[in-house]
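An overview of the molecular structure
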Amino acid sequence: MWLSRYGAMIRIVCFLSSLLALGVPSAFSQYAGALPALRQGSVARTHIGYDLGDLPSATLLRPMHLILSQSLAKKNGLVALSIAQQDIHSEAYHRWISPEQFAENFGASKEEIQDITTWLQSRGMKDIEVSRSHTRIAFTGTVPNVERAFQVKLHRFQVEGEEHYANVTEPRMRTALTGTVSSVEGLNDFDRRPPGNRTVGRAAADAGGEGSAKNLGPGDLAILYDIKPLYAEAAGGGQATIAVIGTAAPSLDDFHAYKKLFGLPANDYRLVSVPGTEVATTAQATVETALDLEIAGGIAPQARLVYVEAYSPFAGAAYVIDNRIADVLSLSYTACETPGPEDFAYESLALQGIVEGITWINASGDSGAAACDEPGAAAGAISGLAVNLPASLPEVTGVGGTRFANLSSTYWSSSPASGGTTALSYVPETAWNGLQENEFLTASGGGSSKDFFKPGYQSSIEDGIAAREVPDLAFDAAEKSPEYVIVTGGRLELVAGTSAATPLFAGITALLNQYLMAHGSLQTPGLGNINPMLYRLAQVAPEAFHDITTGTNRVGCAAGTVDCIDGSLGYNAGAGYDMVTGLGSIDADKLAHAWGTADIGASTILLSAASAASDGTVALKAEVQASENPSPGMVVFSWTNPSYSNVPAEFARVAVDADGIAHASVIGLPNGSNAVTAIFEGTTSLLGSVSTPVVLHVEVTGQPPASVALVDVQVAFPGGINLPLAALVTGQLAAPTGSVDFYLGDALIGSAPVSAGTASTISATLPPLGVNVLTAHYSGDSNYAAEISAPVSITIVGASPVPSAAPPAPDFSITVPAALSISSGESGNFPITIAPSNGFSGAITLTCSGSIDGYGCSVPTTVTPKTSIQVQGTLQSMALGILPIGALLSLGGWVRRKRRWLCGLAAFGLLLQTGCGLTVNRSTAAVYPLTITAVSAGIQHSSVIVVTVQ
């Protein structure tokens, strides 16, 4: 899968070139119009080589979601609540809110909701449903209505043998709604998928090798991670609820068989289906469903289990959170980050989830540090360093993979105990990397985010990285080692990967909830975001963690591709936190006992500002007060002006100094009242805090500057292509006009007019290899002064080939004559014509269905058309055995004469022709349709012949 940060740019060029070739203006199409774009990219850019053109109007689109924006006041209030809910000294501590309370305090207003739903209805949308939290609006629509409403064009794609659709232009909405709607989710059906679930594909009982007796059931995992003591203390997690999200239909028979196999109570799951869902039937989705339910239900056997059947992982997560149906959300589906509003739609969900008390667990992936490449790809990574989302969300706990480093009898028994348990104690672990078993591009997912800054709880990780780091924890995920036993399709199978480690930890989290309730630390289930406490406990109760210091998630990469050094990319495990196994695995019993003993200190932040200068520049000072030094925490400054934009704009992120002070300045505030806020993000030992807003009144004199910013810029491009260039120009007065010049260093590489706030073009010259600085220079107009964007450093690397469009799949056609007339009591035959195409050479099974009284229809059972060939059909009468010999000879002569005539009708050219025998006895004169069906490896075609018996 081509998800390279610069491979995607090749596709943009191909895409833009194709638009220009079709006579579409460069701004970029008739769909751009005069409405503002929602500034969200299209996943189509990563699949441009597989574009099959316009999506047919009759295509059924899945439900979509409008993601609604939040004002600065609501956003800050949400952050403040999430902090207070983790502060043991606060009245809000662990007082989770309902979706309706979320809507009242942090969701869109009733007026905004009404405005948007009226607009959707006016555009022909159906099934409009407002989320209980007033943060999303679901709807359905036809292809023409969606294209008109959002001024997009939808195309078909065929990727890895699957048909998909996606928008190839950015969605746009009328200006009055752009401050309320941040993005549209669901304009494509390229979903996040299980990271591999590494199905071994053999019966567990037949799994040979050194570890064959050590495959993992719930009893083994309970010994290995010291879960067993919690069963007595936490009653199996009986009051906690786990929601498992999947896209396939679950099997209650498989679930019962798994529970019975390991001597566990049935405790059936509850099935919930998200409206609009058509379940997936792929083997991977089916196995994923079984392993998620069975492992989570095996680790927490008494927990309430809910299986949420959804048409997409986002829809499933939204359903769980908006209906608050669980305390723990287990999601094994994942995909690499694609920075933009669609990724931040997941963060909106996660923020709502944590203030409702939901703990979200997600797999970090099975591609090592190359999350944008498919697990198991033998050619090596081509897409550079990347991590998976939702695991990279600061509000989600990302789970990576380990391998047990010792299979000796010291740790494993050769004689299974009750429930098939063979583990004797904790087994030392190393990082999981499939290279140990010659599995390419298979390792514990981990690295640093391109979407999110490092959260305060990770501030103790002193590695110079400013981004959110993944994973947080790791558990066994290795293949061809002790593997997880599941039941799927009535069979025992072995699975591995972070897809298995995720429901394992979800089950442990449910037990943790129940333990804390049993000991009075919780009144009702729900822990919200557990990451701050995990990192705090790693400091004060390290015995609760198994620090994994050996191994790597480095994978092979193609020479000359981004981040590829000496043929590999990735990270090494080491002492303390690392981007391979996180904090390590856990001792569940020790973790539960330590949970109530650790305290994360509180903080307060005070914001002050000097008077605004005539150009709108303001000096700001934020002072953090806490019981200990708040360094190395970070402070984020943001502002909003309701008359200009209700959407908050962050303008600085500054480190707190040794005195607890963070200084910043804001330049170019618009006319009117501007609310400025500072948020302290906290540290591993301190919770964050939100300042009281400071209102700054600005009266700008003279010509105000516009704001110009480069958009959709990637950090690396392949050499030998003309770069796609885009800049966003905004201002507080009338819409800016004029033009933008793009410079690479001192060289002018392209110019474009400003249209609807955007200037877009393709570079006029090929950029040189190496590091370059890109800037956008706005010309100014009668309302605004000229302005230059902040510079962006990009690297031009060696060119990489663009994947060609997927070739048409091998296929064949089948035709028969429309009609055949025979006399009652006589036999006849007719030709079947099979024409292979696109290199088809498989075996085809033929069947004949339909009935004629007293007659039988027969066809050759199997034909294999490797080259053009003609196969002769036969005629046979079921009544021949009772005819006189003279009648036999007479019939035989008729057959020979008629066969030459009938079978010669269709012999020509490159077609493969097969004869069909129709055995005829006496019948009532009538008309009978017969269906001839041809099947080969999932391909099925039919053709109908109408037989008239005279």
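Residue positions are given per chain, counting from 1 as you read along its sequence in written order. Predicted model: local features are reported for residues with pLDDT of at least 70 only, side-chain atom pairs are reported and counted for 80 or more only, and whole-chain, interface and lining totals are derived from all residues. Note that the side-chain values use all heavy atoms of the structure and ignore hydrogens as well as water.

1. Some words on the overall build of the protein
Scanning the protein for helices and strands turns up 16 helices and 52 strands. Expressed as a percentage of its 950 residues, the buried residues of the protein come to 55%. Residue contacts are counted whenever heavy atoms from the two residues lie within 4.5 Å of one another. Across the protein, contacts joining residues at least 24 apart in sequence account for 75% of those joining residues at least 6 apart. Each accessible area value is a Shrake-Rupley result obtained with a 1.4 Å probe; residue values ignore everything except the protein chains displayed when judging cover. Taken as a whole, the protein presents about 36500 Å² of accessible surface, with 54% of it coming from carbon and sulfur. Helix and strand assignments follow DSSP, with helices taken as H or I runs no shorter than four residues and strands as E runs no shorter than two, numbered in order from the N terminus. Exposed residues in this analysis have more than 50% of their type's maximum accessible area, buried residues have under 20%, and partly exposed residues fall in between, with area computed by a 1.4 Å probe over protein chains only.

2. Details of the sheet that holds strand β1 (residues 51-54)
Note on pairing: DSSP must find at least two bridges between two strands before they are called paired. The strand order across the open sheet formed by 3 strands is β1-β5-β6, and the pairing between neighbours is antiparallel. Edge positions in the sheet fall to β1 and β6 (162-167), since each of these pairs with one other strand and no more. Geometrically, the sheet is characterised by an average inter-axis angle of 30° between neighbouring strands, direction not taken into account. To obtain each axis, a line is fitted to C-alpha atoms, and for helices this fit is confined to the stretch in contact; angles are then taken between N-to-C directions over 0 to 180 degrees.

3. Regarding helix α4 (residues 110-122)
Expected span of a helix, by definition, is 1.5 Å for each gap between consecutive residues, and there is one gap fewer than residues. A rise of 1.5 Å per residue sets the reference length of α4, with its 13 residues, at 18 Å; its end C-alpha atoms lie 18 Å apart and thus fit the reference within 8%. Residues I113, I116, T117, W119 and L120 constitute the buried set of α4. What you see down the axis of α4 is that its buried residues fit within an arc of 155°, all on one side. Looking at α4, the residues exposed on the side facing more than 90 degrees away from the buried face are K110, E111 and Q121. Phi turns positive, to about 85°, at G124, one or two residues after α4. What the arc measures is the spread of directions leading from the helix axis to the C-beta atoms.

4. Brief notes about the pattern of salt bridges
A carboxyl oxygen of Asp or Glu within 4 Å of a side-chain nitrogen of Lys or Arg is what we treat as a salt bridge. The final tally for this structure, using the stated rule, is 11 salt bridges. Across the pair R136 and D322 runs a salt bridge, and its minimum N-O distance is 3.3 Å. Residue R136 is located in strand β4 (residues 136-140), and its partner D322 is located in helix α11 (residues 313-322); the two are separated by 186 residues in the primary sequence. Residue R491 pairs with E493 through a salt bridge whose shortest N-O separation is 3.1 Å. The class of R491 is partly exposed, set by a relative accessible area of 47%. Connected through salt bridges with shared partners, the residues D54, E147 and K153 form a single ionic network.

5. Section: the packing of aromatic side chains
Note on ring pairs: Phe, Tyr and Trp rings are taken, using the six-membered ring of Trp, and paired if centres are within 6.5 Å. Classes follow the plane angle, with under 30 degrees stacked, over 60 edge-to-face and the rest tilted. Taken as a whole and assessed by the stated rule, the structure comprises 13 aromatic pairs. Consider the rings of F102 and F106, whose centres lie 5.3 Å apart with planes at 65°: the pair is edge-to-face. One end of the pair, F102, and the other, F106, are both in helix α3 (residues 99-106), 4 residues apart, so they sit about a helical turn from each other. Overall, the relative accessible area of 8% leaves F106 in the buried class. Measuring from centroid to centroid gives 5.1 Å for F255 and Y269, while their planes differ by 80°, and the two rings are edge-to-face. Of this pair, F255 sits in helix α9 (residues 252-261) while Y269 is found in the loop between α9 and β9 (270-273), placing the two residues 14 residues apart along the sequence. Pair check on accessibility: F255 and Y269 agree, each one buried.

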